[in-house]
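# Topology and contacts: notes
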Amino acid sequence: NKFHAVLEVALSLDACDIANKIQESGMVKFSHPNFIMPVDRHQVIPNDTYFNNQFYLRNTGQVFNPVENHFGLANADINAAFAWNTTTGINNIIVAVIDEGVTPNHPDLPNARQVRLNGSNFVPGENANDPTPGLNNNHGNSCAGIIAATHNNNEGVSGIAPNVRIM
């Protein structure tokens, strides 16, 4: 005989006490309260200069290009501001960026979080052991910044996982 029942208890009563009395009656196999509590989700909002433009991390429907009237779609993002309550990455994770290089000791990507390998620069005519971007080629910095830019330094962007290292 499988019979399940749900008993709703008035807020003025003690749900634990009632569940215990039902259990102690011997008429049921088990009795327990189902506590319902609203989830209070907190967002971590970095103070980095361009964070508000990073609509892919936190999209509130904000205008991010007023000249061309480009704006976001609220909640069309990866919910990074909520995820940062759980983790911002850890230093023993290394993410390889295969691009135009990363500037040494960049304000958002300090040397302590860079793994700079000898022989990793494949640009003809440049030093093979220096993965610094040549000329004004900063696409590698941009990609690395999206991944791991430092949070709360009042400049630049916010990385998705600011504690990981970049190779």
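Our structure's up above, just so we're on the same page.
Residues numbered from 1 in each chain as written. Predicted model: local features only at pLDDT ≥ 70, side-chain atom pairs only at ≥ 80, totals over all residues. Heavy atoms only, no water.

A separate point is the overall build of the chain. The number of helices and strands found in the chain is three helices and four strands. Each helix and strand of the chain, placed in order from N terminus to C terminus, yields the pattern α-β-β-α-β-α-β. For the chain, the spread of C-alpha atoms along the three principal axes comes to 85 × 40 × 30 Å. Expressed as a percentage of the 167 residues in the chain, the buried residues total 23%. Across the chain, every contact between residues at least 6 apart in sequence was considered, and the portion connecting residues at least 24 apart equals 54%. (Helix = DSSP H or I, 4+ residues; strand = E, 2+ residues; numbered from the N terminus. Buried < 20%, exposed > 50% of the residue type's maximum accessible area, 1.4 Å probe, protein only. Contact = heavy atoms within 4.5 Å.)

In terms of nonpolar packing, the biggest core is built from eight residues, these being V97, V102, L109, A144, A148, A161, V164 and I166. In this structure A148 touches D108, L109, R113, G159, A161, P162, V164 and I166, once residues within four positions along its chain are discounted. Counting five residues, the second-largest nonpolar core is a separate cluster that includes F51, L57, A81 and W84. (Core = buried A, V, L, I, M, F, W, Y, C linked by side-chain atoms within 4.5 Å.)

There is about 1100 Å³ of room inside the largest pocket. If you trace the largest pocket, you find 26 residues lining it, with A5, V6, L7, S31 and H32 closest to the centre. Its residues assigned to classes, the lining of the largest pocket shows 18 nonpolar, five polar and three charged. Looking at the second largest pocket, it is lined by 23 residues, and the ones nearest its centre are V97, D99, G101, S120 and P131. Across the lining of the second largest pocket, the residue classes tally to 12 nonpolar, seven polar and four charged. (1 Å grid on protein atoms, 1.4 Å probe; cavity = no way out; pocket = protein on both sides within 12 Å on 5 of 7 lines; lining within 4 Å. Points joined across faces, edges and corners; volume = space filled by probe spheres on them. Nonpolar A, V, L, I, M, F, W, Y, C, P; charged D, E, K, R; others polar.)

Further remarks concern the side chain of D48. Topologically, D48 is positioned in the loop between α1 (15-24) and β1 (63-65). Of the buried charged residues, D48 lacks a salt bridge, with R113 as the closest side chain of opposite charge at 9.3 Å. Polar contacts involving the side chain of D48 include one to the side chain of S158, which spans 2.7 Å. (Lys, Arg positive; Asp, Glu negative; His and termini not counted. Salt bridge = Lys/Arg side-chain N within 4 Å of Asp/Glu carboxyl O. Polar contact = N/O pair within 3.5 Å; in protein donor to acceptor, adjacent residues only side chain to side chain.)

Turning our eyes to something else, we now look at the environment of R113. Following the sequence through the fold, R113 ends up in the loop between β3 (94-95) and α3 (139-148). Along the backbone, R113 and M167 are 54 residues apart, and their C-alpha atoms lie at a distance of 8.6 Å. Ignoring any residue separated from it by four or fewer positions in sequence, one finds R113 in contact with N91, D108, A148, A149, T150, P162, N163, V164, R165 and I166. From its side chain, R113 meets the backbone oxygen of V164 in a polar contact 3.3 Å long.

When you line up the elements, E8 lands in the segment before α1. A relative accessible area of 76% means that E8 is categorised as exposed.

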